Amino acid sequence: MSNNREQWSSKASFILAAAGSAVGLGNIWKFPYIAGENGGAAFLFIYLICIVLVGLPILNIEILLGRATQKNPVGAFKTLTDKPFWKYVGALGVFASFTILSFYSIVGGWSVAYTFEALKGTFSSFDNPQMAADFFNLKNSSPMWVIGWHTVFFLMIVGIILSGVRAGLEKASKFLMPVLFGILMILVVQGLMLPGADGGVSFLFSPDWSKINPQTFLLALGHAFFTLSLGMGAMMTYGSYLSEKDDVVNASYMVAFLDTVIAILAGVAIFTVVFSSGYDPAAGPGLVFHVLPPLLAQLVGGYIFALLFFLLLTIAAVTSGISILEVSVAYLVDELKYSRKKATLTMGMLVYLAAIPCALSFNLWSDVTLLGTGLTFFDAADFLASNVLLPLGGFFLAIFAGYVWGIDEVVRNLLIGDSGSVYFGNSIFKSSSFKSVFSFLIRYLSPVLIFLVFLYVLGWI
Ligand code: PFF
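Every chain begins its residue count from 1, and numbering advances along the sequence as written. With pLDDT at 70 or above as the cut-off, local features in this predicted model cover only qualifying residues; side-chain atom pairs require 80 or more to be listed or tallied, and sums for whole chains, interfaces and linings still use all residues. With hydrogens and water excluded, all non-hydrogen atoms of the structure serve as input to the side-chain values.

A. Summary view of the overall build of the protein chain. Strands are runs of DSSP state E lasting at least two residues, helices are runs of H or I lasting at least four, and both sets are numbered from the N terminus onward. Along its length, the protein chain carries 18 helices and 0 strands. Against the globule reference of 23 Å for 461 residues, the protein chain gives a C-alpha radius of gyration of 21 Å, in line with a compact fold. Structurally, the protein chain occupies a C-alpha span of about 60 × 50 × 45 Å along its principal axes. The contacts in the protein chain between residues at least 6 apart in sequence include a share of 81% that link residues at least 24 apart. Every radius of gyration here is taken over C-alpha atoms, with the globule rule written as 2.2 Å times N^0.38, N being the number of residues. The contact criterion used is simple: two residues touch if any of their non-hydrogen atoms lie within 4.5 Å.

Structure (structure tokens):
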């Protein structure tokens, strides 16, 4: 273990940073539209099952692997086994971080751009979502606009990462996460006070089971990985800055809990507005950029609400964006002994360039689709990351923990670092029945479920 590796100043700092990674565009941009398109509460139900049975155990494993080895994903596997196969699994994570950031940063750029548009009062003149959709399409038809805002977003995350773990990642999360929560609460309260808000609430909480099909499971499982930042080593990298005295189990509960609560609250904030204005909740990826700006802007105090909403989206994107880039930066620092500055600038530049095809997917290359999939670069990056790379990473993590490292070793490590509480900390692993449930989830349930999802993606079932 290298002694000059930086660490979080406390477990609470880690929880905030990890929650910052988890709570992102996935919660505020993606979750509401996926839920909107897939029956609202019915999707929420399946998604919660995926979080508890698959997401939470794998989150524990990922953070633990980081804490136990104090390394990036490639280094972590190399430390625990000499079978070369596993370091490629780590490398797959570094590749996934590229793929995700290449489309994430485009949406992050839109969020920053919309914060400025909200500040200028642009949305007050829109009186229906069609106008907002036309505005969105017009803006995106300019490659310079999309690339320009992608650049601004990128400079923000590179700036934070350059400052290091404590002065950068930790400080940013400690400041931004409470702001995010405060803004979200304001939006939830105003949403609930709107006439017709109950339509939005019941859409999220009363399930229509007829909407559930195998596709729902695929989406829910893929989204569980995405929203908890699992399967590509982001949580492992953040976990590698934890000290041994910090309890992984308790931190994992907290992160999963905050992430889920914030996704549900974002759903309430958004669907109350959508329903009270009588619009379609199944508006797809454009929900927050097409439908929401005019609806928010027309409320009493709408200028402020639109501004707060896009600020919320920007903060969520920044605190997640830094965790995605940190994976590849940590890789260069640990494995190739780069300085943090050189690693950040190198990876920053590479990922920045990798995002350009995604930026062009809305204009110059809107007709370019990949290998007969019919997907643009942007859609393909999203699909590949969320539905293939992250679940695949999760599959290998479960196999590694369950069969290579071994459940006994996992549990022995989980018991290091004491939370002092029986149910919400690692003490729960002292019970042998809990240990067998955990072992079942890691060794059998997670790999089998993920495998089935793959067969489905490939069209084999
Ligand atoms: N969890 C983030 C979100 O919900 O937006 C996205 C993400 C961050 C995915 C970090 C993967 C990752 F490693």
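B. View of the nonpolar core. Only buried residues count toward a nonpolar core, which is a set of Ala, Val, Leu, Ile, Met, Phe, Trp, Tyr and Cys residues joined through side-chain atoms within 4.5 Å. Only protein chains enter the accessibility calculation, which uses a 1.4 Å probe. A residue is then buried if its area is under 20% of the maximum for its type, exposed if over 50%, and partly exposed in between. Ranked by size, the top nonpolar core spans 167 residues in total, and within it Trp29, Phe289 and Phe309 carry the most contacts. A per-element tally of this core places helix 14 (residues 302-335) first, with 19 residues. Excluding anything up to four places from it in sequence, tryptophan 29 contacts Phe103, Val107, Pro285, Val288, Phe289, Leu313 and Phe378.

C. Broad picture of the site of the ligand. Ala22, Leu25, Gly26, Tyr104 and Phe226 are the nearest of the 16 residues found near the ligand. Within the contact set of the ligand, an oxygen atom lies 3.0 Å away from a backbone nitrogen or oxygen of alanine 22. Pairs of N or O atoms within 3.5 Å make up the polar contacts considered here, provided that, within protein, one atom can donate a hydrogen while the other can accept it, and that residues adjacent in sequence are counted only when both atoms are side-chain atoms. Contacts to the ligand include tyrosine 104, whose side-chain N or O atom sits 2.5 Å from an oxygen atom. If you list the elements that add at least two residues to the shell around the ligand, you get helix 1 (11-22), helix 2 (25-37), helix 5 (84-120), helix 10 (214-227) and helix 14. Gly is put with the polar residues, along with every residue not named as nonpolar or charged; the nonpolar set is Ala, Val, Leu, Ile, Met, Phe, Trp, Tyr, Cys and Pro, and the charged set is Asp, Glu, Lys and Arg. Across the shell around the ligand, the residue classes break down as 8 nonpolar, 8 polar and no charged. Being near a molecule or strand, for a residue, comes down to having at least one heavy atom within 4 Å of it.

D. Looking closely at helix 18 (residues 432-457). A rise of 1.5 Å per residue sets the reference length of helix 18, with its 26 residues, at 38 Å; its end C-alpha atoms lie 36 Å apart and thus fit the reference within 8%. To get the bend at a residue, fit one axis to the 7 residues ending there and another to the 7 starting there, then take the angle between the axes. Along helix 18, the largest kink reaches about 40 degrees and is centred on leucine 441. On its buried face, helix 18 is in contact with helix 3 (41-69), helix 10 and helix 17 (377-414). Once helix 18 ends, the next one or two residues include glycine 459, with phi positive near 80 degrees. To estimate the expected span of a helix, subtract one from its residue number and multiply by 1.5 Å.

E. How the structure looks around the pattern of salt bridges. Any carboxyl oxygen of Asp or Glu that lies within 4 Å of a side-chain nitrogen of Lys or Arg is treated as forming a salt bridge with it. Going through the model one piece at a time under the given rule, you end up with 9 salt bridges. Of the charged contacts, one joins lysine 30 and aspartate 382 as a salt bridge, the two residues approaching to 3.0 Å between their closest N and O atoms. Of this pair, lysine 30 sits in helix 2 while aspartate 382 sits in helix 17; the two residues are 352 residues apart in sequence, bridging distant segments of the chain. Here lysine 30 matches aspartate 382 in class, with each residue buried.

F. The arrangement of the packing of aromatic side chains in detail. Pairing of aromatic rings covers Phe, Tyr and Trp, the last through its six-membered ring, and needs centres within 6.5 Å; plane angles under 30 degrees mean stacked, over 60 mean edge-to-face, and all others mean tilted. Applying the stated criterion to the full structure yields 42 aromatic pairs. Between tyrosine 104 and phenylalanine 226, the ring centres sit 6.2 Å apart and the planes meet at 50 degrees, which makes this aromatic pair tilted. On the criterion of sequence distance, the pair formed by tyrosine 104 in helix 5 and phenylalanine 226 in helix 10 is long-range, its members being 122 residues apart. Here tyrosine 104 matches phenylalanine 226 in class, with each residue buried. A ring pair is formed by phenylalanine 362 and phenylalanine 378, whose centres lie 4.9 Å apart and whose planes are at 75 degrees; its orientation type is edge-to-face. Separated by 16 residues along the polypeptide, phenylalanine 362 in the loop between helix 16 (356-360) and helix 17 and phenylalanine 378 in helix 17 bring together distant segments of the chain. The criterion for a charge sitting over a ring is simple: Lys NZ or Arg CZ within 6 Å of the ring centre, and within 35 degrees of the ring normal. One cation-aromatic arrangement involves lysine 30 over phenylalanine 226; the distance from NZ or CZ to the ring centre is 3.9 Å. The cationic tip of lysine 342 hangs over the ring face of tyrosine 338; the distance from NZ or CZ to the ring centre is 4.2 Å.

G. Structural view of the packing of helix 4 (residues 73-80) against helix 5. Look at helix 4 against helix 5: their axes get within 7 Å of each other, and the N-to-C directions meet at 165 degrees. Between helix 4 and helix 5, the interaxial angle falls into the category roughly antiparallel. Considering only the axes of helix 4 and helix 5, their crossing is right-handed. Facing Pro73, Val74, Phe77 and Lys78 of helix 4, the residues of helix 5 in contact are Trp86, Lys87, Val89, Gly90, Ala91 and Val94. Counted by class, the contact of helix 4 with helix 5 contains 7 nonpolar, 1 polar and 2 charged residues. Interaxial angle, 0 to 180 degrees, is taken between N-to-C directions of lines fitted to C-alpha atoms, where a helix line uses only the stretch in contact. Relative orientations are named as follows: roughly parallel for angles under 35 degrees, roughly antiparallel for angles over 145 degrees, roughly perpendicular for angles from 65 to 115 degrees, and oblique for any other angle. Crossings are assigned a handedness: left-handed for a near helix turned anticlockwise from the far helix by less than a right angle, right-handed for a clockwise turn.

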